[in-house]
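Coordinates in review
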Amino acid sequence: RHSAPIGKVVAFVGARGGVGASTLSHNIAWCVAEEMHIETTIIDLDLPFGTCGLDFNDESSQGVSDALSAPERLDDVLLDRLLLKRGDHLSLFTAPAALERDYDAVPEAYEAVIDAVRQSCPCVILDLPHGWSPWIRNCLVAADEIVVVATPDLTALRNAKNLIEIIKNARPNDQAPRLVLNQVGQPKRPEIPPKDFAETMGLDPAAVLAFDPALFGTAANNGQMLLEVQPKAPISESLRRLASTLTGRQAETAPKGVASIFSFLKSRKAS
C-alpha cells in the first residue's frame, strides 16, 4: 500500500450544465501551478465530453480512461506516461472526449486513480461532470475542498442547494463546500441577486464573477487561461483570491520551488 498521500484534492462541480465549472477549475489549477509554483494536476473526469485538452490547446488523450480501466497498474512510471506536462508545474490528465465507447468504471477505480495522483502531487484538481452517480458522490465526499459553481438562476439555485446539503450531511466535520457564482449580470436575463442566492444557501459565495463573454470567449478560442489573456481583470483577481482560499497561499508573493510546497503542505495540515 502507498504511504500517506501528500496531495490536497479540490473537486469542482457545476450546479447544472454550462455554468463554467470546468473552465474555472482549469483556471484555478493554472493559477496554483504558474503563480504559486505548486505542482498541480488536473484530472478531467468528464470522459465523453471533457474540455481539459481543448482549454489548454492540447490533444485529448486516453489518459484518464486508460488509468480507470486498470487502476492497479497505475505506478509512477505509467502515470508519468499518461500525464501531459504543461509548463513547469502543471500536469493534465485529459479525458478521451470520444463517444464511440462506453465508460463504466466502478467507483473504486476513480478512488484508486485519484489516490495514485495525490501520492506525488501536492495539488489535485478534479474537474467533475455535471451529473449524479455513485462515483461522483464519492469523489465529492472524499475531496478536501469542494467548489460548487452556479449561475444566478432558479435551476442552479435549487441544484446547488441540494448538492451543498447532501455534501454537508455526508461530511459534517469537514470544510463546507465553497459556492462560486458565475456569469452574474448577464444583460436582459432576469436573475437572482447574489445576496438572496447566498441567503438561500446559508453561505457566502467564495467568489462572484461577472458575465464577461469577450474574456471567456477569447481565452477559449486561443486555448489560453483567463489570467493569461487579462492578468489584471477583476475576474482574474477574483480567481487568484479563490486559489489562495483553497490552498492557504498567496499568488503574488509565492516563493519558488521547494519552500513554497512545504509552506503549502504546512498550511494544509493546519487547516
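Residues numbered from 1 in each chain as written. Predicted model: local features only at pLDDT ≥ 70, side-chain atom pairs only at ≥ 80, totals over all residues. Heavy atoms only, no water.

Observations concerning the side chain of H26
Structurally, H26 is set in helix α1 (residues 21-34). Polar side-chain contacts of H26 include one of 2.7 Å to the side chain of D55. Contacts of H26, omitting those with residues within four sequence positions, involve I42, T51, C52, D55, F56, D127 and M225. (Helix = DSSP H or I, 4+ residues; strand = E, 2+ residues; numbered from the N terminus. Polar contact = N/O pair within 3.5 Å; in protein donor to acceptor, adjacent residues only side chain to side chain. Contact = heavy atoms within 4.5 Å.)

Structural notes on the confidence of the model for the protein
Predicted coordinates in regions of low pLDDT should not be interpreted in detail. When pLDDT is averaged along the protein, the result is 90, and 91% of the positions lie at 70 or above. In this model residues 253-259 is a low-confidence stretch, pLDDT under 50, and it forms 10 contacts with partners more than four residues away in sequence or in other chains. (pLDDT = per-residue confidence, 0-100.)

Looking at the environment of V149
Of note, V149 is situated in strand β6 (residues 145-150). In the structure, V149 is positioned 32 residues away from L181 in sequence and 6.0 Å away in space, judged by C-alpha atoms. Setting aside anything within four residues of it in sequence, one finds V149 in contact with F12, V13, G14, A15, V19, G20, A21, L24, V180 and N182.

Quick word on the nonpolar core
Ranked by internal contacts, the top residues of the largest apolar core, which has 48 residues, are I43, L45, F93, L126, L128 and L140. For L140, the contacting residues outside a window of four places in its chain are A11, V13, L128, W132, I146, L163, I167 and R171. Core analysis: the next-biggest nonpolar cluster, separate from the first, contains 38 residues, L24, A33, F216 and A251 among them. (Core = buried A, V, L, I, M, F, W, Y, C linked by side-chain atoms within 4.5 Å. Buried < 20%, exposed > 50% of the residue type's maximum accessible area, 1.4 Å probe, protein only.)

Focus on the state of the cysteines
Linking two cysteines covalently through their sulfur atoms gives a disulfide. Throughout the structure, instances matching the rule amount to 0 disulfides. In this model C31 remains outside any disulfide bridge; the closest cysteine sulfur is found in C123, 10 Å from its own. (Disulfide = S-S within 2.5 Å.)

Some remarks on the packing of aromatic side chains
Enumeration over the complete set of coordinates arrives at 1 aromatic pair. Ring geometry for Y110 and W135: centres 3.9 Å apart, planes at 5°, overall stacked. Note that Y110 is positioned in helix α5 (residues 107-118) and W135 in helix α6 (residues 134-142), a separation of 25 residues in sequence. (Phe/Tyr/Trp six-rings, centres within 6.5 Å; stacked < 30°, edge-to-face > 60°.)

Observations concerning the pattern of salt bridges
In the structure shown here, the tally under the stated rule is 11 salt bridges. Taking the shortest distance from any N to any O, the salt bridge between E191 and R189 comes out at 3.5 Å. You can call E191 partly exposed: its relative accessible area is 28%. You can call R189 partly exposed: its relative accessible area is 21%. Linked by salt bridges that have partners in common, K8, E145 and R178 make up one network. (Salt bridge = Lys/Arg side-chain N within 4 Å of Asp/Glu carboxyl O.)

Comments concerning the pairing of strand β7 (residues 178-184)
Where burial is concerned, most of β7 is hidden: 7 out of the 7 residues are buried. For β6 and β7, the ladder comprises 4 bridges, and the chain directions are parallel. Pairing of V149 across the sheet is with V180, part of β7. Tracing the backbone out of β6, into helix α7 (residues 154-170) and back to the parallel element β7 gives a crossover that is right-handed. Across 3 bridges, β7 lies against strand β8 (residues 207-210) in parallel orientation. Residue pairing in the sheet places L181 in a bridge with V208 of β8. In the classification by handedness, the crossover that spans β7, the intervening helix α8 (residues 194-201) and the parallel β8 is right-handed. (Pairing = 2+ DSSP bridges. Right-handed = clockwise from strand over helix to strand, strands pointing away.)

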